[in-house]
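In case you want the letters, here they are:
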Amino acid sequence: DAQAEKLGLKPKGGTAWSHGFLNQKFWHPLSYRNQERLFKAEQEEETRKTRNEEAKKEFEERAEFFKNTELLSQADRDNLRNRQQLS
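Residues numbered from 1 in each chain as written. Predicted model: local features only at pLDDT ≥ 70, side-chain atom pairs only at ≥ 80, totals over all residues. Heavy atoms only, no water.

In terms of regular secondary structure, the chain is built from three helices and zero strands. Counting from the amino terminus, the chain carries its helices and strands in the arrangement α-α-α. Here the chain holds 87 residues, and 7% of them are scored as buried. Of the roughly 8600 Å² that the chain leaves accessible, carbon and sulfur atoms contribute 54%. (Helix = DSSP H or I, 4+ residues; strand = E, 2+ residues; numbered from the N terminus. Buried < 20%, exposed > 50% of the residue type's maximum accessible area, 1.4 Å probe, protein only. Areas by Shrake-Rupley, 256 points an atom, 1.4 Å probe, with all protein chains shown as cover.)

Moving on: the packing of helix 2 (residues 32-69) against helix 3 (residues 74-86). Look at helix 2 against helix 3: their axes get within 11 Å of each other, and the N-to-C directions meet at 150°. One way to sum up the angle between helix 2 and helix 3 is to call them roughly antiparallel. As helix 2 packs across helix 3, the resulting crossing turns out to be right-handed. Here helix 2 contributes F65, F66 and T69 to the contact with helix 3, which in turn contributes R77, L80, R81 and Q84. For the contact of helix 2 with helix 3, the class distribution of residues is three nonpolar, two polar and two charged. (Axes fitted to C-alpha atoms, helices over the stretch in contact; angles between N-to-C directions. Parallel < 35°, antiparallel > 145°, perpendicular 65-115°, else oblique. Left-handed = near helix turned anticlockwise from the far one by under 90°. Contact = heavy atoms within 4.5 Å. Nonpolar A, V, L, I, M, F, W, Y, C, P; charged D, E, K, R; others polar.)

Structure follows, in structure tokens:
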């Protein structure tokens, strides 16, 4: 402060250099377009995770079904598959 006064510079309140223009740049992370892209990417990632979890669960259920039906006789297996196809 003392050096600024010696040089004749006076601090001005409220006229600080603003970074607001950076938000308008395409590369800035806080620009509206980048925030929108980030939101869409997060939503797509969430739906992809959900789909993968559902597919994994369905695969495990079917694997368990086939594991259990291995021990049945052929006639019982056919009967069970026919009932499952109807439902």
